[in-house]
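# Inside the fold
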Protein chains: 2
Amino acid sequence: MPPASPRRLHLNAFLMNAGHHDAAWRHPRTQPERVTDRRYFQELAQTAERGKLDSIFFADGLALWGKVEHNALGGFEPLTLLSALATVTEHIGLIATVSTTFNEPFHTARKFASLDHLSGGRAGWNIVTSGTVDEARNFGRDEHLEHGLRYDRAREFVDVATKLWDSWEDDAVLLDRERGIYADLGRVRPVDHRGEHFAVQGPLNVPRSPQGHPLLVQAGSSEDGKEFAAQYAEAVFTAQQTLADGQSFYKDVKNRLARYGRAEDDLKILPGICPVIGSTEAEARALEQELTDLQVPEYGLAQLSGMLGTDLTGLPLDGPLPALPEERDINGNKSRFTLVAELARRDGLTLRELIARLGGGRGHRVFAGTPEQIADQLEAWFTQGAADGFNVMPPYLPGGLEDFVDHVVPILQDRGLFRTEYTGRTLREHYGLPRPAGRRARPVTEGQPA
Amino acid sequence: MPPASPRRLHLNAFLMNAGHHDAAWRHPRTQPERVTDRRYFQELAQTAERGKLDSIFFADGLALWGKVEHNALGGFEPLTLLSALATVTEHIGLIATVSTTFNEPFHTARKFASLDHLSGGRAGWNIVTSGTVDEARNFGRDEHLEHGLRYDRAREFVDVATKLWDSWEDDAVLLDRERGIYADLGRVRPVDHRGEHFAVQGPLNVPRSPQGHPLLVQAGSSEDGKEFAAQYAEAVFTAQQTLADGQSFYKDVKNRLARYGRAEDDLKILPGICPVIGSTEAEARALEQELTDLQVPEYGLAQLSGMLGTDLTGLPLDGPLPALPEERDINGNKSRFTLVAELARRDGLTLRELIARLGGGRGHRVFAGTPEQIADQLEAWFTQGAADGFNVMPPYLPGGLEDFVDHVVPILQDRGLFRTEYTGRTLREHYGLPRPAGRRARPVTEGQPA
């Protein structure tokens, strides 16, 4: 065992209904009947907090696709859910996906400022640009915005949101009862943003929040995505199948930071891992096989069709993949397309084998083993330049998270790689990230600022 | 005292930062430093629940105006706040304002469905069309939508939201682990709405919620507003200054229901009342005067300018109102304009007197007296055809709510006018309103429904 290092890794629990494995809901250890019960999510959040994890995270999409036939899909509006969890947890960070393509900066900035106040500084925003035409069609558009244009809009969106968060100085609220001055208008200012995609007057109608800004997270690993991350993100969720791929991604993204005047430590890279845990390696592998055996091939084929931008319906499951388009022709998740295509090519997988490989993590790395073996993997990636921490994606819930917290976390703690108590109060403090300073105020005029 | 009646009144606690009086935050009994602390709102919600009230309600606006200098304005995104309160209450309904002018039906339907699940069937939506240009300017528009057009959009918005709530049948989730069937696609269907204002494919990505639809509340009392209420609303918040006005409004709205095939009991009318409570009448009046003395005239004048669509800046406070526009030329809150103009005219008020009269309830009725006197007023309006219940607007918080719960509610209970225990489980059950039946499903096609 290598010596304890003063550098500590970060752990985020990525929570998803019955678990990340697409057949989890069919497994007898899961509770899919509880995925609309807040107590279920409360228990999960409390389990993650018991493990002293940095944060929990809910992904999100703005459409339900037809494959709800075969999986426990759909879910609560994530800020609504996270607020409900804020009141039953004390320390753990609360991160949710919100799309910049189908929202307005005023609403989004306000929701995160609200959650940050309500949670005492524990809000995080996973910024996504959304990837499907089904989402566009729930918001009055027939087609999805082109990939590059989505990122243009995302940049402007985050700029506006940031201006709104900073539209109140930290000390704007005076509460001078004697003089009748509630807030100092010199420290609350309009935003007066007029850009390509948005025109927003401001100021926000919520005072500046405990963290100043929520933690900004990003999860796209395309060229556009990596550049966006380097400019804005403070944590990155990424899918990497091998240590070498992880190292290369890590170096690539960290190297981009300097051009935005940022240091390497300003952004934490958190590859996903779906840990299939057993008390022996054989037990872990048996559990993995059990989950694979529960997969519904039509579901896997439909999901794969989506990832590959190619209709695979009716192709023989035991045959190879058909010819695929180029990444440049993919308008959804470009990096996931390339990862999956590369995985199939490299390992020469049939459709059935590929569906099995993707079942646990949708392209994220799946690793089956004992707690010790899993800790070894995390330590290797962390100490060998592939990760600042991990996005932990339990294959089934709640047991898969409980096993991680009760059996893997203590090993990481024993090795000095992970905190044994929370030392910070806010999500930013958990990740060792600074609180953004407010901008200097300029006066807001009475009535309607110009 | 009249005999106890089997008909019971309904009580909603309208919560607002330091209280409804615009000078409340300056009063030593309030806690304006806590209006960004969730525990403050939790305590208020728990107090209302201790009083067995039907619901709590948060109003909302999508802009901060310059007058934040003199009042504790601004606040949390209301669904985010209500979810945080859902976890610390058991029975009380949770109602929030969401604008149909600056939102998308998919997001709004989803947030209320989420809150309804998270709260076990306690969500209510106060449907507003928003009234100010400052809000428009936070959403890329230079001017506010015209009043009639806002209501056109509101009707279509609610239609789409309703279709989305009904896009899952109640029994759509099968959870057939053996066959791998999570949901029955025949019971989850697209919405395929294409209208004047919205195009929404659906289905919603949240299963049908405990109440089916949230309770639909409406608060506009203009002609457009009353007609909208008659068609859609299940509860109406309204500002009425006198019993006669209240009776006339009550009769007017109830009479409109038949043309939409609805019965009088399908809609509950809840006039606002700002109860200034004292153990003697003199004590109540002294408290009212104390609050009046704390008013900041510039604040009152600015708020009055907004209500009257007329810039009153610089006019002598002890002089009369200037000539006012006609209601038809008001593009904000038409009914509030008329109420305030009428109040000033009828009672021959100076600007200063009008500001004092509006300080407690912004046009809602203010009544100062003992608990007994307040109960008498509520009983009179309830038994004489002006109210099915009341929107209780404590002038200051938390004390004004505590006094109402501890001293007025027991009198209403003793008179048999109000419940002594919750008998229902959902907000609809508290108000004696039925759960809407789901619509018959038609099949969703695989992939992208046409």
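Residues numbered from 1 in each chain as written. Chains lettered and ligands numbered in written order. Predicted model: local features only at pLDDT ≥ 70, side-chain atom pairs only at ≥ 80, totals over all residues. Heavy atoms only, no water.

Time to look at the interface of chain B and chain A. Every contact between the two is made by 84 residues of chain B and, on the other side, 84 residues of chain A. For the pair chain B and chain A, the two sides together bury roughly 6900 Å², of which 55% comes from carbon and sulfur. Across the contact surface, chain B and chain A share four salt bridges. A salt bridge links Arg110(B) to Asp60(A), with the shortest nitrogen-to-oxygen separation between them at 2.5 Å. Along the contact surface separating chain B from chain A lie 50 residue pairs in polar contact (both at pLDDT 80 or more). Secondary-structure elements contributing two or more residues to the side of chain B that touches chain A are α1 (38–50), α2 (78–86), α3 (105–118), α4 (133–136), β5 (173–176), β6 (181–183) and β8 (199–200) of chain B. For the side of chain B that touches chain A, the leading source of residues is α3(B), giving eight residues. Partitioned by chemical class, the residues of the side of chain B that touches chain A number 37 nonpolar, 27 polar and 20 charged. (Contact = heavy atoms within 4.5 Å. Buried area = accessible area lost by both parts, 1.4 Å probe. Salt bridge = Lys/Arg side-chain N within 4 Å of Asp/Glu carboxyl O. Polar contact = N/O pair within 3.5 Å; in protein donor to acceptor, adjacent residues only side chain to side chain. Helix = DSSP H or I, 4+ residues; strand = E, 2+ residues; numbered from the N terminus. Nonpolar A, V, L, I, M, F, W, Y, C, P; charged D, E, K, R; others polar.)

Residue and element names in this part refer to chain A. Feature annotation in UniProt places "binding site: FMN" (unreviewed entry) on Asp60, Thr97, His147, Tyr151, Ser221 and Ser222, given in this structure's numbering. With respect to the secondary-structure elements, threonine 97 resides in strand β3 (residues 93–99). Overall, the relative accessible area of 3% leaves threonine 97 in the buried class. For threonine 97, the residues in contact, after removing those within four places along its chain, are Phe57, Phe58, Ala59, Asp60, Pro78, Asn126 and Val128. Among the secondary structure elements, tyrosine 151 is positioned in helix α5 (residues 147–165). Contacts of tyrosine 151, omitting those with residues within four sequence positions, involve Thr129, Gln218, Gly220, Ser222, Asp224, Gly225 and Phe228. (UniProt positions renumbered as here; feature names shortened; annotations may be inferred. Buried < 20%, exposed > 50% of the residue type's maximum accessible area, 1.4 Å probe, protein only.)

Attention shifts here to the side chain of Thr87(A). Of note, Thr87(A) is situated in the loop between α2 (78–86) and β3. Its relative accessible area of 14% is what places Thr87(A) among the buried residues. For Thr87(A), the side chain forms a polar contact with the side chain of Thr87(B), separated by 2.3 Å. Residue contacts for Thr87(A): discarding those within four places in its chain leaves Arg38(B), Gln42(B), Ala84(B), Thr87(B) and Val88(B).

Our next topic: the packing of aromatic side chains. In total, this model carries 28 aromatic pairs over all chains according to the counting rule given. Their ring planes at 85° and their centres at 5.5 Å tell us that Phe157(A) and Phe198(A) sit as a pair that is edge-to-face. Placement of the pair is Phe157(A) in helix α5 and Phe198(A) in the loop between β7 (193–194) and β8 (199–200), with a sequence separation of 41 residues. Looking at Phe198(A), the relative accessible area reads 5%, which means it is buried. Here Phe41(B) and Phe76(B) contribute two aromatic rings whose centre-to-centre distance is 6.2 Å and whose plane-to-plane angle is 65°, an arrangement assigned as edge-to-face. Of this pair, Phe41(B) sits in helix α1 while Phe76(B) is found in the loop between β2 (55–58) and α2, placing the two residues 35 residues apart along the sequence. Comparing Phe41(B) with Phe76(B), the two get one shared label, buried. By way of ring pairs, the aromatic residues Phe112(A), Trp125(A), Phe157(A), Trp165(A) and Phe198(A) are connected into one cluster. If you follow Arg7(A) out to its NZ or CZ, it ends over the ring of Phe382(A), 3.8 Å from the centre. (Phe/Tyr/Trp six-rings, centres within 6.5 Å; stacked < 30°, edge-to-face > 60°. Lys NZ or Arg CZ within 6 Å of the ring centre and 35° of its normal.)

All names here are of chain A. Axis separation between helix α12 (residues 371–383) and helix α13 (residues 399–414) bottoms out at 9 Å; the angle between their running directions is 55°. In terms of orientation, α12 lies oblique with respect to α13. Note that α12 runs across α13; the crossing there is right-handed. Residue-level contacts link Pro371, Glu372, Ile374, Ala375 and Leu378 of α12 to Phe404, His407, Val408, Ile411 and Leu412 of α13. Here the contact of α12 with α13 is composed, by residue class, of eight nonpolar, one polar and one charged. (Axes fitted to C-alpha atoms, helices over the stretch in contact; angles between N-to-C directions. Parallel < 35°, antiparallel > 145°, perpendicular 65-115°, else oblique. Left-handed = near helix turned anticlockwise from the far one by under 90°.)

With that settled, the discussion passes to the relation of the copies chain B and chain A. Of the transformation superimposing chain B on chain A, the axial component is 0.0 Å and the angular component is 180°, with the fit at an RMSD of 0.0 Å. The operation mapping one copy onto its partner corresponds to a two-fold rotation axis. A share of 100% of the interface residues of chain B reappears at the interface of chain A, consistent with the copies meeting face to face through the same patch. (Least-squares fit on C-alpha atoms with pLDDT ≥ 70 in both.)

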